[in-house]
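# Notes for the structure review
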Amino acid sequence: MPKEHDLFEEEQSMVAMSFGDHIEELRTRLILALMGLAVGVTITFIPPLNLGAKVVQMMQQPAENALGRFRKNRAEEDAKLADAQKLFTPMSVSIPAADFIKQFQALAPDLKLPSPESVKDRSIEMPMAIADADMIRSVAKSSGTHSATISLSPMEPAVIFFMVCMVTGLVIASPWVFYQIWAFIGAGLYRHERHYVTTFLPFSLALFLSGVFLCFFAILPLTLRVLLEFNAWLGIEPSLRVSEWMSFATFLPLVFGICFQTPLVMYFLERVGIFTVDDYRKKRKYAFLVIAVIAAVLTPDPTVVSQAMLGIPMVLLYELGIIMVRPKKESLAEMAS
């Protein structure tokens, strides 16, 4: 516990730090963070790694899987409908007679057949009927994978590539960037409060990366699958524009990573005496309203799907923040009861 005269000295030093000093500290930390970001972006351009191109391909994979599943389900529904109605497609196959005789003679050499030369210019017509259901299933199974995204202008792929490299560089440089953020916050704290910077930094980084990876590997595929159900319901063939999908797939994980800082920010504000656990509890309904507004504003698509995918984890993280700042005596009492 710091002594009274130490706290007085700290307060005097805090007062001595003018608004201009805070702006200068912000400028310094911002420059250092941008330098780290530049290093992270440069790593994505290194030719042997080709990290930027690999991330672009990886970000298209959820769309490829979702659209492939969509087309497979639609083909299976069409096949079941054709099978129920017993639909057949009549066909007529024309086979060169000379080739037919050669193959037949190979199977039955003792059989007397015309010589291939005598039927050189003739063909054999064979009527046949193919079940539509079998044809639909066979074509859907053997057809190659179509690209999930389309480009409508020559500049779109280049712009998207550099945007993905920028976001990937930010994730790579996130330890350095988060250190600069917490260092700037620490410059405005008392000396006995600055240990929170080194304590919270690893947790802040872990929460950010957890939000990014959870969104990318779980939320994005689920959101896209639900959205494609509207296409199936309306009977519309989906095509994803590369700029819209990549913007969605890069912006939403960053939003999740930042919003996952909620419990840590709540704990930090409680430790420095700005809020108490009672404040968080009493203002819970207002906090949930703010979370709903934030989820509606920050999610790039207008449907309620991604808004719910962001809002529900934020509500859970808010409750986790209340548990983190709850006094120890209260926690032990609840466990005993």
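What you see is a predicted model, and the numbers here were worked out from it, not measured in a lab.

Below, the discussion takes up helix 12 (residues 284–298). Relative to the 21 Å expected for 15 residues at 1.5 Å per residue, helix 12 spans 21 Å between its end C-alpha atoms, a close match to the ideal helical length. The complete set of buried residues in helix 12 reads A287, I291 and A295. Viewed end-on, helix 12 has its buried residues packed into an arc of 75°, placing them on one side of the element. Pointing more than 90 degrees away from the buried face of helix 12 are the exposed residues K285, L289 and V297. In this structure, the buried side of helix 12 is in contact with helix 13 (304–325).

This brings us to unusual backbone geometry. A positive phi angle, near 50°, is found at N50, a position not held by glycine. You can see N50 is positioned in the loop between helix 2 (19–44) and helix 3 (51–84).

The interhelical angle for the contact between helix 6 (residues 156–172) and helix 9 (residues 242–259), taken along N-to-C directions, is 10°, at an axis separation of 10 Å. In terms of orientation, helix 6 and helix 9 fall into the roughly parallel class. Contacts from E156, I160, M163, V164, V167 and L170 of helix 6 reach helix 9 at V242, S243, M246, S247, T250 and L254. Class assignment of the residues belonging to the contact of helix 6 with helix 9 gives a composition of eight nonpolar, three polar and one charged.

Turning to the nonpolar core, a few remarks are in order. Of all hydrophobic cores here, the largest spans 39 residues; its most connected members are L220, W245, M246 and F256. Contributions of two or more residues to this core are made by helix 3, helix 6, helix 8 (195–234), helix 9, helix 11 (277–282), helix 12 and helix 13. Broken down by element, this core gets its largest block of residues, nine residues, from helix 9. In terms of nonpolar packing, the next biggest core, distinct from the first, is built from 13 residues, W182, V197, V212 and V272 among them.

A separate point is the side chain of E156. Structurally, the position occupied by E156 is in helix 6. A distance of 3.3 Å separates polar atoms of two side chains, one belonging to E156 and the other to S151. When near neighbours in sequence (up to four residues on either side) are disregarded, E156 contacts I150, S151, R241, V242 and S243.

This part is about the confidence of the model for the chain. Looking at the chain, pLDDT values average 78 and 84% of them are 70 or higher. By mean pLDDT, the top-scoring element of the chain is helix 6 (90), and the lowest-scoring one is helix 14 (residues 328–336) (44). In this model, residues 1–16 is a region of pLDDT below 50 whose contacts with residues beyond four sequence positions or in other chains number 11 contacts. Segment residues 329–337 is flagged for pLDDT under 50; beyond a separation of four residues in sequence, or across chains, it makes three contacts in the model.

Another aspect to go through is the pattern of salt bridges. Following the criterion strictly, the structure yields four salt bridges and no others. Put simply, E25 and R29 hold a salt bridge, and the shortest N to O gap is 2.9 Å. Note that E25 and R29 are positioned in helix 2 at a spacing of four residues, about one turn of the helix. E156 serves as the salt-bridge partner of R241, at 2.5 Å between the closest nitrogen and oxygen. With R241 in strand 4 (residues 240–241) and E156 in helix 6, this residue pair connects regions lying 85 residues apart in the sequence. A relative accessible area of 30% means that R241 is categorised as partly exposed.

On to the packing of aromatic side chains. Taken as a whole and assessed by the stated rule, the structure comprises 13 aromatic pairs. Between F275 and Y280, the ring centres sit 5.8 Å apart and the planes meet at 45°, which makes this aromatic pair tilted. Owing to a relative accessible area of 35%, F275 belongs among the partly exposed residues under this scheme. On the numbers, 6.3 Å between centres and 85° between planes, the contact of Y280 with Y318 is edge-to-face. Linking Y280 in helix 11 with Y318 in helix 13, this pair joins segments that are 38 residues apart in sequence. The same class applies to Y280 as to Y318, namely buried. Put simply, the rings of F275, Y280, F288 and Y318 touch in pairs and so form one group of aromatic residues.

It is worth spelling out the side chain of Q60 at this point. In this fold, Q60 is placed in helix 3. For Q60, a relative accessible area of 18% translates into the label buried. Not counting chain neighbours up to four residues away, the residues in contact with Q60 comprise T149, W245 and M246.

Calculation notes
Residues numbered from 1 in each chain as written. Predicted model: local features only at pLDDT ≥ 70, side-chain atom pairs only at ≥ 80, totals over all residues. Heavy atoms only, no water. Helix = DSSP H or I, 4+ residues; strand = E, 2+ residues; numbered from the N terminus. Expected span 1.5 Å × (residues − 1). Buried < 20%, exposed > 50% of the residue type's maximum accessible area, 1.4 Å probe, protein only. Arc of directions from axis to C-beta. Contact = heavy atoms within 4.5 Å. Axes fitted to C-alpha atoms, helices over the stretch in contact; angles between N-to-C directions. Parallel < 35°, antiparallel > 145°, perpendicular 65-115°, else oblique. Nonpolar A, V, L, I, M, F, W, Y, C, P; charged D, E, K, R; others polar. Core = buried A, V, L, I, M, F, W, Y, C linked by side-chain atoms within 4.5 Å. Polar contact = N/O pair within 3.5 Å; in protein donor to acceptor, adjacent residues only side chain to side chain. pLDDT = per-residue confidence, 0-100. Salt bridge = Lys/Arg side-chain N within 4 Å of Asp/Glu carboxyl O. Phe/Tyr/Trp six-rings, centres within 6.5 Å; stacked < 30°, edge-to-face > 60°.

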